[in-house]
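Structural features, examined
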Amino acid sequence: MKNVQNWKSVHLIGIGGISMSAVAKILLDAGVSVTGSDVYASEITKDLEERGIKIAIGPHDERNIPDQCDGVIHTSAAPDSNPERIATKNRNIQDFDNFQFLGAWFKGKRMIVVTGTHGKSTVTAILGQICIAGGLDPTVLVGSKVPGWPDQNLHLGKSDLVIIEGDEYAKHFLEFHPFAVIINNLELDHTDVYKNIDELRKTFERLLRQTVNQGMVIANGESTQINTALKPLIATGKLQVQKFGHAKNQIPGELMDVVVKTKWDKGILSVNISGKDIQLELESKLIGDYNGMNIASATLMAKHLGVEDE
């Protein structure tokens, strides 16, 4: 099997997806020849074409795959029966979904996975911005467009730090072995994949077990499901864990390491973050307690990474 770092020519099936388009830009930046296909044209495909990528728009067709092709990356929405995937198999070309590729591409990097059933994109973008301003020069992949970023859903850095939005759908985030993890919340979602909350929680537990030894987990201490997922790992001492939340939502018997207080007034959200060796007062134009929690989780991880309070 050829190492993905040695690929020279790659075809992307479903290149117009938000995650797939980030993969395309990563490959382009690395000097790889990229082609793609998608059923419909969009602003994303137009942007990629302006960057020099040849994209076939319309029904997927095996003829879209170039004669010279080292690898194919497909969106998870493309089934085994997709004609381009069938052609890939028949030609013995390596075929990864986008998360398998990202796991292989960033292997050995310090990967921060931001996950949870809500708020992943927001926290990934906030943490990315903090780390950029803090001089850590990370690569950041967000499942949405970030205002002010030239590459929109991607910031390409030169350090070994990678901040990525970890999608629990179809257990995609299990392709990663993180250096650290943020878990925003854990509620039943994606019922086409998970039959109940226990199955979903156990998938998060698997991600935590894949986190490197003594890796940091920033976790929403208000969530009963997150506390349940963390308990066996805390007992082993494998992970560092920092739980945060509002004191009013404290779960009996569970320790809250960091207390978050929020106040919204005249268009400004004030977020007070306090705990052992931590006392920060931050302001934002975001609104709501949940965004106070988003800001707190990103701030706590950034502090762990060495970003100065200023």
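Above this text sits the structure in question.
Quick notes on the rules
- Residues numbered from 1 in each chain as written.
- Predicted model: local features only at pLDDT ≥ 70, side-chain atom pairs only at ≥ 80, totals over all residues.
- Heavy atoms only, no water.
- Core = buried A, V, L, I, M, F, W, Y, C linked by side-chain atoms within 4.5 Å.
- Buried < 20%, exposed > 50% of the residue type's maximum accessible area, 1.4 Å probe, protein only.
- Helix = DSSP H or I, 4+ residues; strand = E, 2+ residues; numbered from the N terminus.
- Expected span 1.5 Å × (residues − 1).
- Contact = heavy atoms within 4.5 Å.
- Polar contact = N/O pair within 3.5 Å; in protein donor to acceptor, adjacent residues only side chain to side chain.
- Axes fitted to C-alpha atoms, helices over the stretch in contact; angles between N-to-C directions.
- Left-handed = near helix turned anticlockwise from the far one by under 90°.
- Pairing = 2+ DSSP bridges.

Ranked by size, the top nonpolar core spans 48 residues in total, and within it Leu12, Leu27, Ile73, Phe101, Leu102 and Leu141 carry the most contacts. Among the elements that take part in this core, helix α1 (residues 18–29) stands out by supplying 6 residues, more than any other.

In this section: unusual backbone geometry. Even without a glycine there, the phi angle at Lys266 is positive, about 55 degrees. On the secondary structure map, Lys266 appears in the loop between β13 (258–265) and β14 (268–275). Relative accessible area serves as the criterion here: at 79%, Lys266 is assigned to the exposed category. Phi angles above zero are rare outside glycine, and Asp277 is one such case at about 60 degrees. Residue placement: Asp277 occurs in the loop between β14 and β15 (278–284).

The next point concerns helix α6 (residues 197–210). A rise of 1.5 Å per residue sets the reference length of α6, with its 14 residues, at 20 Å; its end C-alpha atoms lie 20 Å apart and thus fit the reference within 8%. Here α6 has its buried residues at Leu200, Arg201, Thr203, Phe204, Glu205, Leu207, Leu208 and Gln210. Contact partners of the buried residues in α6: β6 (110–115), β10 (180–183), β11 (216–220) and α7 (224–236). The N-capping residue of α6, defined by a side-chain oxygen 3.2 Å from the backbone nitrogen of Asp198, is Asn196.

Another aspect to go through is the packing of α1 against helix α4 (residues 98–105). In contact at an axis separation of 10 Å, α1 and α4 are set at 35 degrees when each is read in the N-to-C sense. Like other packed secondary-structure pairs, α1 and α4 cross with a definite hand, here left-handed. Residues Ser19, Met20, Val23, Ile26 and Leu27 of α1 touch α4, and the partners they reach there are Asn98, Phe99, Phe101, Leu102 and Trp105.

Our next topic: the sheet that holds strand β5 (residues 94–97). The strand order β3-β2-β1-β4-β5 describes an open sheet built from 5 strands, whose pairing is parallel. Two strands bound the open sheet, and with one partner strand each, they are β3 (54–57) and β5. Direction aside, neighbouring strands of the sheet carry axes that sit 20 degrees apart on average. Sheet analysis places strand β4 (residues 71–74) next to β5, joined by 4 bridges and oriented parallel. When the bridges of β5 are listed, His74 appears paired with Asp97.

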